[in-house]
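Next come the chains, spelled out residue by residue.
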Amino acid sequence: MTEVSSQERDYLPGMGKHYLLPLYEVVHLVSGLAGVHDEMVTSAGLRSGQRVLDVGCGTGNLLRATGKRHRDVELFGVDPDLKMLARAERKLRRAGLRAKLDKGFAQELAFPDASFDAVFSSLMLHHLDTPSKDEMLAEVRRVLRPGGVLVLADAVFHDHGPAKDHLRDNVGDAVPKRIAAAGFTAEPTRMRKLRMFGTVGIEVAKVH
């Protein structure tokens, strides 16, 4: 693993607090998120030899699910949390998979233009503030090849009065509109109920 970001940024750890990291796998198991990951992999329509990037890869669960089903794709992951990346590296190694994992930020992807066929993001977008959401989607658009696909899953919130702006951005159809504004053609949102996190929306969008 290498640190590739040109600058440090504040970020929210996957479980909200660093000391909760040991609970990450338990939450993944009991929430039913594995089923969402399986649907994301299916929706990407991956083919042999393609390059796949997971933005905010955490401990590598989505990368592992991708690699198990598609042994002949190239796997890449970025996350700002080195402890998460260390767990991901061990997990993928135990599964007999290889991936290039780097410390990095969604708003500043250290990859050339048009270098990936598919980009994944799972339950990460709502961690970002409003400007950072737009920066992330612009970066994803940049690194995807023509016809490339973004598959993004994130929590869908209900607007019940005062809320932080970055959470309000995930109310209703706010995420699909933001994705479309970034230069993608999006399919209808696929809603899935989890045992935790409430409702998750899966967005499948292609570069246009």
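Residues numbered from 1 in each chain as written. Predicted model: local features only at pLDDT ≥ 70, side-chain atom pairs only at ≥ 80, totals over all residues. Heavy atoms only, no water.

The next subject is the nonpolar core. Of all hydrophobic cores here, the largest spans 30 residues; its most connected members are Val-36, Met-40, Val-52, Leu-101, Phe-120, Val-151 and Ile-202. Counting residues per element, this core draws most heavily on helix H2 (residues 33-44), at five residues. Beyond its immediate stretch of four places on either side in the chain, Val-52 contacts Leu-46, Val-73, Glu-74, Leu-75, Phe-76, Phe-116, Ala-118 and Phe-120. (Core = buried A, V, L, I, M, F, W, Y, C linked by side-chain atoms within 4.5 Å. Buried < 20%, exposed > 50% of the residue type's maximum accessible area, 1.4 Å probe, protein only. Helix = DSSP H or I, 4+ residues; strand = E, 2+ residues; numbered from the N terminus. Contact = heavy atoms within 4.5 Å.)

Below, the discussion takes up the pairing of strand E9 (residues 199-207). Looking along a regular strand, one sees the side chains alternate between the two faces of the sheet. With eight of nine residues buried, E9 is to be regarded as a mostly interior element. Here strand E6 (residues 144-156) pairs with E9 via eight bridges, running antiparallel. The residue bridging Val-156 from the neighbouring strand is Thr-199, located in E9. By the bridge criterion, three bridges tie strand E7 (residues 184-186) to E9 in an arrangement that is antiparallel. When the bridges of E9 are listed, Thr-185 appears paired with Lys-206. In terms of strand pairing, strand E8 (residues 190-193) meets E9 through four bridges, oriented antiparallel. By the bridge assignment, Arg-192 is partnered in E9 with Val-200. (Pairing = 2+ DSSP bridges.)

With that out of the way, let us pick up the layout of surface pockets. Taken as a whole, the second largest pocket holds about 200 Å³ of empty space. In terms of lining, the second largest pocket is formed by 14 residues, of which the most central are Ala-44, Arg-47, Gln-50, Gly-147 and Val-149. Looking at the lining of the second largest pocket, the elements with two or more residues in it are H2, E6 and E9. In terms of residue class, the lining of the second largest pocket is built from five nonpolar, five polar and four charged. (1 Å grid on protein atoms, 1.4 Å probe; cavity = no way out; pocket = protein on both sides within 12 Å on 5 of 7 lines; lining within 4 Å. Points joined across faces, edges and corners; volume = space filled by probe spheres on them. Nonpolar A, V, L, I, M, F, W, Y, C, P; charged D, E, K, R; others polar.)

The next point concerns the pattern of salt bridges. According to the stated counting rule, one finds nine salt bridges in the structure shown. In this structure, Arg-142 and Asp-113 form a salt bridge, with 2.8 Å as the shortest nitrogen-oxygen distance. With Arg-142 in helix H5 (residues 130-143) and Asp-113 in the loop between strand E4 (99-103) and strand E5 (116-122), this residue pair connects regions lying 29 residues apart in the sequence. Relative accessible area serves as the criterion here: at 53%, Asp-113 is assigned to the exposed category. Between Glu-187 and Arg-190 there is a salt bridge, with its nearest N and O atoms 2.7 Å apart. The class for Glu-187 is partly exposed, based on a relative accessible area of 35%. Look at Arg-190 and you get partly exposed, because its relative accessible area is 26%. (Salt bridge = Lys/Arg side-chain N within 4 Å of Asp/Glu carboxyl O.)

With that settled, the discussion passes to the packing of aromatic side chains. Here the distance between the centres and the angle between the planes together describe a pair of aromatic rings. Tallied over the full model, the rule gives three aromatic pairs. Ring centres 6.2 Å apart and planes at 85° place the aromatic pair Phe-76 and Phe-111 in the edge-to-face group. Of this pair, Phe-76 sits in strand E3 (residues 74-79) while Phe-111 sits in the loop between E4 and E5; the two residues are 35 residues apart in sequence, bridging distant segments of the chain. Grouping residues by exposure puts Phe-76 and Phe-111 together as buried. Pairing Phe-76 with Phe-116 gives two aromatic rings, centres 5.2 Å apart and planes at 80°, and the pair type is edge-to-face. Taken as a pair, Phe-76 in strand E3 and Phe-116 in strand E5 lie far apart in primary sequence, 40 residues in all. (Phe/Tyr/Trp six-rings, centres within 6.5 Å; stacked < 30°, edge-to-face > 60°.)

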